[in-house]
Amino acid sequence: MFNSPDWVFSMFAFLGFLCCAIPLPWHLEAWNTGTCLYMIWTGLACLIQFINSIVWRSNVINWAPVWCDITTKFMIGSAVAIPACSLCINRRLYHIASVSSVTKTRAQKRRDIMTDLAIGLGIPALQMILHYIVQGHRFNLIEEVGCYPDTYNTPPAYLLVFAWPLAIGCLSAYYCTRTIIELAQRRAQFMEFLAANKNLSSSRYFRLMGLAGIEVLCTIPMSAFVIYLNATYEPVYPWISWANTHYDFSRIDQFASVQWRMTDLSTLSIELSRWFLVICAFIFFAFFGFADEARKNYRLAYFSVAKRVGLSSGNMSSGDVPCSTKSDMAYSSRSGTLPVFITQRTEQKRDSLASFSTGLSIGEYNITFDETKEPYSPTETAAGSISKESLPSPVDGQTVPLPDLPALAWPEPTLALSSAPQHIADTPESRRSSIDIV
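Notes on the structure in this doc start here. (Residues numbered from 1 in each chain as written. Predicted model: local features only at pLDDT ≥ 70, side-chain atom pairs only at ≥ 80, totals over all residues. Heavy atoms only, no water.)

1. Some remarks on the overall build of the protein chain
Test applied: Per the convention used, a helix needs a DSSP run of H or I reaching at least four residues, while a strand needs a run of E reaching at least two, with both numbered from the N terminus. Remark: exposure states derive from per-residue accessible area (1.4 Å probe, protein chains only) relative to the maximum for the residue type, with buried under 20%, exposed over 50%, and partly exposed in between. Contacts between residues were defined by any pair of non-hydrogen atoms, one from each residue, lying within 4.5 Å. Surface accessibility follows the Shrake-Rupley procedure with a 1.4 Å probe radius. Residue values consider only the protein chains on display as shielding.
Within the protein chain one finds 12 helices and 8 strands. The 438 residues of the protein chain split such that 36% are buried. Of the contacts formed within the protein chain by residues at least 6 apart in sequence, a portion of 81% connects residues at least 24 apart. Summing over all exposed atoms, the protein chain offers an accessible surface of approximately 26200 Å²; the carbon and sulfur share of this is 62%.

What follows is the structure, given as structure tokens:
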């Protein structure tokens, strides 16, 4: 890893930036302050390292002094910000595991957010300010690395700069241990809280705990190793005065790759300081880049882009967008017209005389078919022509008398179906006042 070509680090640094930038929108919706701050600090740090590795790939020319002033302070802050964000996550997980009530007021939620912002932004900002006390000169320029902060190796530097990540890592380890204990003792109440919280599921909770736990396991050994390296690799100079420490402050030291790669310790120190950021980004993506909400947002993004560029989205699963079969939709691909939905309904049409049972008497013509009467069946009524309420209640074995109608002339003995008057079922102006169905 440390002896790989410089373009390898540039590629992974940019991928680390993407790993933190892509999941950020849907984590902002959940209002998880610690996780969002972790992504912002880590993603921006990877982006800065990517730009520096491109600009200063084979040179140590001071192309952008203002850029280096800003980014070196940001790197000092990010060294503390990532452990501080882990502390925010562990602290929140502990309060969830030890909660005594499943609901929180708006004021409590606002107070939690302000506390996380004070830890995730306030402590790194304070670290940047305190670093100026032990800052020997403006910054260093290292070939293949770019802008690099300078810290005068004096005893106050250990208290003001080097010891902060170790102290924060130990505090995070305390919260992580207490969270595990609370989960073992109050599992039922913990599950009740998760059921009432729509922004936090059990899967996301344990993924957050895994991320924070790995961060603690990496922060404490790394911080201890940095302190050991600074105390043994270079001599520790005594603190004399402010003027002595900041003498020739505008100086910019430049180091070619041959110089800083001469010893293994210097190579390990510099390479580890920038590869650690990339590792943090990939660890985060390993926990949250393949979760259910991430895959859902990936599908939405894909189909949004496919819709804009005109690609087919036919591979979408049935649970995402309702699909239609070929029999329900006809689409003209040549003309580019909109799909036309055709609903096919088969309705059996019957003749006006066959719409009734075989035992049908028509009072208007006094015609009776002398056939065996079948029991009444509601299905034999023409659908939609006569309502159920308008029919008299049939009584088995009895004939419901019809009202007297004016006498009409008898028709011919043989009735031709073609010459018989056609019954219009839906016409309310029919002369028949009732129909006897038995």
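Having seen the model, we can carry on.
2. Brief notes about empty space enclosed by the protein
The gaps of empty space that remain are located by a probe, the size of a water molecule, rolled over the atoms. Here is the rule we go by: Here the term cavity refers to a set of points on a 1 Å grid, laid over the protein atoms alone, in which a 1.4 Å probe fits but cannot get out; the term pocket refers to an open set having protein on both sides within 12 Å along at least five of seven lines, with lining residues being those that place an atom within 4 Å of a point. Grid points are joined across faces, edges and corners, and a volume is the space filled by probe spheres set on the points. Here the nonpolar group is Ala, Val, Leu, Ile, Met, Phe, Trp, Tyr, Cys and Pro; Asp, Glu, Lys and Arg are the charged ones; every other residue, Gly included, is treated as polar.
Applying the stated criterion to the full structure yields 2 cavities of 30 Å³ or more. Looking at the second largest cavity, its volume works out to about 30 Å³. In this structure, the second largest cavity is lined by Thr72, Lys73, His131, Gln135, Arg138, Phe139, Pro149 and Asp150. Among the residues making up the lining of the second largest cavity, the classes are represented as 2 nonpolar, 3 polar and 3 charged.

3. Focus: the state of the cysteines
Using the following cut-off: Throughout, a disulfide means two cysteine sulfur atoms within 2.5 Å of one another.
Counting across every chain of the model gives 1 disulfide. Residue pairing for Cys68: its cysteine sulfur links by disulfide to Cys147, the two sulfurs lying 1.9 Å apart. Residues Cys68 and Cys147 share a disulfide whose torsion about the S-S bond is about -45 degrees; that sign makes it left-handed. Residue Cys68 is located in helix α4 (residues 65–97), and its partner Cys147 is located in strand β2 (residues 146–148); the two are separated by 79 residues in the primary sequence.

4. Some thoughts on the side chain of Ser53
Relative to the helices and strands, Ser53 is located in helix α3 (residues 33–55). Residue classification places Ser53 among the buried positions, given a relative accessible area of 0%. In this view, Ser53 contacts Asp6, Phe9, Ser10, Glu144, Val145 and Arg274; residues no more than four positions away in its chain are not counted.

5. Side note on the pattern of salt bridges
Definition in use: Here, a salt bridge means any side-chain nitrogen of Lys or Arg that lies within 4 Å of a carboxyl oxygen of Asp or Glu.
Applying the stated criterion across every chain yields a total of 10 salt bridges. Arg91 is paired through a salt bridge with Asp116; the nearest N and O atoms lie 3.5 Å apart. Here Arg91 is found in helix α4, whereas its partner Asp116 is found in helix α5 (residues 106–131), with 25 residues between them in sequence. Salt bridges sharing partners connect three or more residues here, namely Asp6, Arg57, Glu144, Arg261, Glu271 and Arg274.

6. Quick look at the packing of aromatic side chains
Aromatic rings considered in pairs are described by the distance between their centres and by the relative angle of their planes. The following threshold applies: Classification of ring pairs rests on two measures: the distance between centres of Phe, Tyr or Trp rings, Trp counted by its six-membered ring, which must be within 6.5 Å, and the angle between planes, read as stacked under 30 degrees, edge-to-face over 60 and tilted in between. Here, a charge over a ring means that NZ of Lys or CZ of Arg falls within 6 Å of the ring centre while also lying within 35 degrees of the ring normal.
Considering all chains together, one arrives at 14 aromatic pairs under this definition. Joined through ring pairs, the aromatic side chains of Phe9, Phe12, Trp275 and Phe282 make up one cluster. The residue whose ring lies beneath Arg274 is Phe9, and the NZ or CZ to ring-centre distance is 4.0 Å.

7. Considerations on the sheet that holds strand β1 (residues 139–142)
As a general point, the strands of a sheet are linked pairwise by backbone hydrogen bonds and lie either parallel or antiparallel. For clarity, the threshold we go by: By the convention used here, strands pair only if DSSP detects at least 2 bridges between them. Note on method: axes are straight lines fitted to C-alpha atoms, helices fitted across the in-contact stretch only, with angles between N-to-C directions ranging 0 to 180 degrees.
The strand order β2-β1-β3 describes an open sheet built from 3 strands, whose pairing is mixed. At either end of the open sheet lies a strand with only one pairing partner, and these are β2 and β3 (252–255). On average, each strand axis in the sheet is inclined to that of its neighbour by 25 degrees, with strand direction left out of account. Pairing geometry for β1 and β3, over 4 bridges, is parallel. When the sheet's bridge partners are listed, Asn140 is paired in β3 with Asp253.

Interpretation in functional terms is not warranted from these geometric data alone.
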